[in-house]
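Here is what each chain is made of, one letter per residue.
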Amino acid sequence: WLSSNKTVDLAFLWRMHQPWYRDPTSDEVLLPWVRLHAASSYTDMASHLADHDVARATVSFSPVLLDQIDHYRDGGDDVYVDLTLRPADELTMEERTFLLRRFFSTHWQRVLLPVPRYRELLDLRGRDTPQDGWETAHQRFTPDDMRDLQVLFNLVWLGTTAASDDAIRALQERGRDYTENDKVVVLDKQRELIAGLVPTWKALQAAGKVELAGAPYYHPVLPLLIDSDTARRPMPKINLPDRFAHQDDAGRQIGAGLARLEQVFGQPPAGFWPPQAAARPTRPGSAW
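Basis of the calculations
- Residues numbered from 1 in each chain as written.
- Predicted model: local features only at pLDDT ≥ 70, side-chain atom pairs only at ≥ 80, totals over all residues.
- Heavy atoms only, no water.
- Helix = DSSP H or I, 4+ residues; strand = E, 2+ residues; numbered from the N terminus.
- Buried < 20%, exposed > 50% of the residue type's maximum accessible area, 1.4 Å probe, protein only.
- Polar contact = N/O pair within 3.5 Å; in protein donor to acceptor, adjacent residues only side chain to side chain.
- Contact = heavy atoms within 4.5 Å.
- Salt bridge = Lys/Arg side-chain N within 4 Å of Asp/Glu carboxyl O.
- Axes fitted to C-alpha atoms, helices over the stretch in contact; angles between N-to-C directions.
- Parallel < 35°, antiparallel > 145°, perpendicular 65-115°, else oblique.
- Left-handed = near helix turned anticlockwise from the far one by under 90°.
- Nonpolar A, V, L, I, M, F, W, Y, C, P; charged D, E, K, R; others polar.
- Core = buried A, V, L, I, M, F, W, Y, C linked by side-chain atoms within 4.5 Å.
- Patch = residues over 30% accessible without salt bridge, like charges linked within 9 Å, V, L, I, M, F, W, Y side chains within 5 Å.
- Areas by Shrake-Rupley, 256 points an atom, 1.4 Å probe, with all protein chains shown as cover.
- Phe/Tyr/Trp six-rings, centres within 6.5 Å; stacked < 30°, edge-to-face > 60°.
- Pairing = 2+ DSSP bridges.

Draft legend 1. Quick peek at the side chain of Asp-145. Secondary-structure assignment places Asp-145 in helix H9 (residues 143-156). According to the relative accessible area criterion, Asp-145 is buried, its value standing at 11%. Here the side chain of Asp-145 touches Arg-117 through a polar contact of 2.7 Å, side chain to side chain. Ignoring sequence-local partners within four residues, the contact set of Asp-145 consists of Arg-117, Leu-121, Leu-124 and Arg-140.

Draft legend 2. Representation of the pattern of salt bridges in the model. Here the structure, examined in full by the defined rule, presents 24 salt bridges. Asp-27 is the salt-bridge partner of Arg-22, the closest N and O atoms lying 3.4 Å from each other. Linking Asp-229 and Arg-232 is a salt bridge whose minimum nitrogen-to-oxygen distance equals 4.0 Å. Residue class for Arg-232 comes out partly exposed when judged on its relative accessible area of 35%. Overlapping salt bridges bring together Arg-117, Glu-120, Asp-145, Asp-148, Arg-176 and Asp-177 as one network.

Draft legend 3. Local environment of the packing of helix H2 (residues 41-51) against helix H13 (residues 197-206). Interhelical geometry of H2 versus H13 gives an angle of 30 degrees and a closest axis separation of 10 Å. The angle between the axes of H2 and H13 places the two elements in the roughly parallel class. In this structure, H2 meets H13 at a crossing whose hand is left-handed. Where H2 approaches H13, its residues Tyr-42, Thr-43, Met-45, Ala-46, Leu-49 and Ala-50 are matched on the opposing element by Leu-197, Thr-200, Trp-201 and Leu-204. A per-class count over the contact of H2 with H13 returns eight nonpolar, two polar and no charged.

Draft legend 4. Region of the structure containing the side chain of Thr-106. Along the chain, the position of Thr-106 falls in the loop between helix H5 (93-102) and helix H6 (108-112). Leaving out residues up to four positions away in the same chain, Thr-106 has contacts with Val-111, Leu-112, Tyr-118, Val-156 and Trp-157.

Draft legend 5. Spatial organisation of the nonpolar core. Within the largest apolar cluster, 62 residues are counted, with the highest numbers of intra-cluster contacts made by Phe-61 and Trp-201. The element best represented in this core is H9, accounting for seven residues. If we ignore the near neighbours within four places in the chain, the residues touching Trp-201 are Met-16, Tyr-42, Met-45, Ala-46, Leu-49, Val-59, Phe-61, Val-210 and Phe-265. Listed in part, the five residues of the second largest apolar core include Leu-222, Leu-225, Ile-226 and Ile-254.

Draft legend 6. Main features of a nonpolar patch on the surface. Residues Val-8, Leu-10, Phe-12 and Trp-14 make up a contiguous nonpolar surface patch of roughly 400 Å² in combined accessible area. Relative to the assigned elements, Leu-10 resides in the segment before strand E1 (13-16).

Draft legend 7. How the structure looks around the packing of aromatic side chains. Tallying each qualifying case throughout the model produces 11 aromatic pairs. Taken together, a centroid distance of 5.6 Å and an interplanar angle of 5 degrees make the contact between Tyr-80 and Phe-103 stacked. Taken together, the residues span a long stretch of sequence, with Tyr-80 in helix H4 (residues 79-85) and Phe-103 in the loop between H5 and H6 at a distance of 23 residues.

Draft legend 8. Expanded view of the sheet that holds strand E3 (residues 210-214). The strand order E1-E2-E3-E4 describes an open sheet built from four strands, whose pairing is parallel. Looking along the sheet, the strands with just one partner apiece sit at the ends: E1 and strand E4 (271-272). Both E3 and E4 contribute to a ladder of two bridges, which runs parallel. Within the sheet, the bridge partner assigned to Gly-214 lies in E4 and is Phe-272. Across the sheet, H13 lies against E1, strand E2 (57-61) and E3, angled at about 110 degrees from E3, the strand it touches most.

Draft legend 9. The arrangement of unusual backbone geometry in detail. Of note, Asp-27 is a non-glycine position whose phi angle comes to about 70 degrees, a positive value. Along the chain, the position of Asp-27 falls in the loop between E1 and helix H1 (33-38). Phi at His-219 is positive, roughly 60 degrees, even though this residue is not glycine. Relative to the helices and strands, His-219 is located in the loop between E3 and helix H14 (222-226).

The structure is reproduced here in structure tokens:
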């Protein structure tokens, strides 16, 4: 729809954020999304930028995401790692049920169904298992089935960068009949990629290919943190809980977030991206 003699100035803002997944009471990391995204899309995106000389981008890392990347870089894990490494023939009924519920969590059409063994395991479980059917479902799975599921869930989440590794490519090509050691190969590759993630983005920034945008520390939607009744502006009839209004907290989130990003990347962000692109005009006399 554009004539051939026109050009378009197009700016990409890549928003890297994840919420805090650590349980404050047990100190366990309950969900794997930082680990899985960091070893796939966050890594692949940096690789694509490095491979194309004319490509430029602005990226916003939420500080709480960077904290969790450090957790994995320093040897931390999550509940899903623990259950991946559990020997398949030692899994309890509760653990087998957890795997059947959670280890098919990827895009089925694009990622899961094209992998024959993964599709076979999904069909063995059932694509729409009722809540009272999990006990029956897990009884259909042998330890070999469970082991393949443990490996495939982590394997399919790896991206194009990981696929250049000979050991990972060999596991992808084999497609089934995995061993306990194959689990370690996949998880070690994830850790390797995560360890190199921030240094890679810092190098892109130093080369002028990436501009850093700031974010508040824990990625709050700032207008709602300042005053939850702000939600009534676009939705006057919305049913809200008791009013929550903490403007000082919003200022602390911004200040701490900018400081954390400068600490990690060696310079202050060039701009700022409010979560969900939510912004509110500054009140007269406001300090931020």
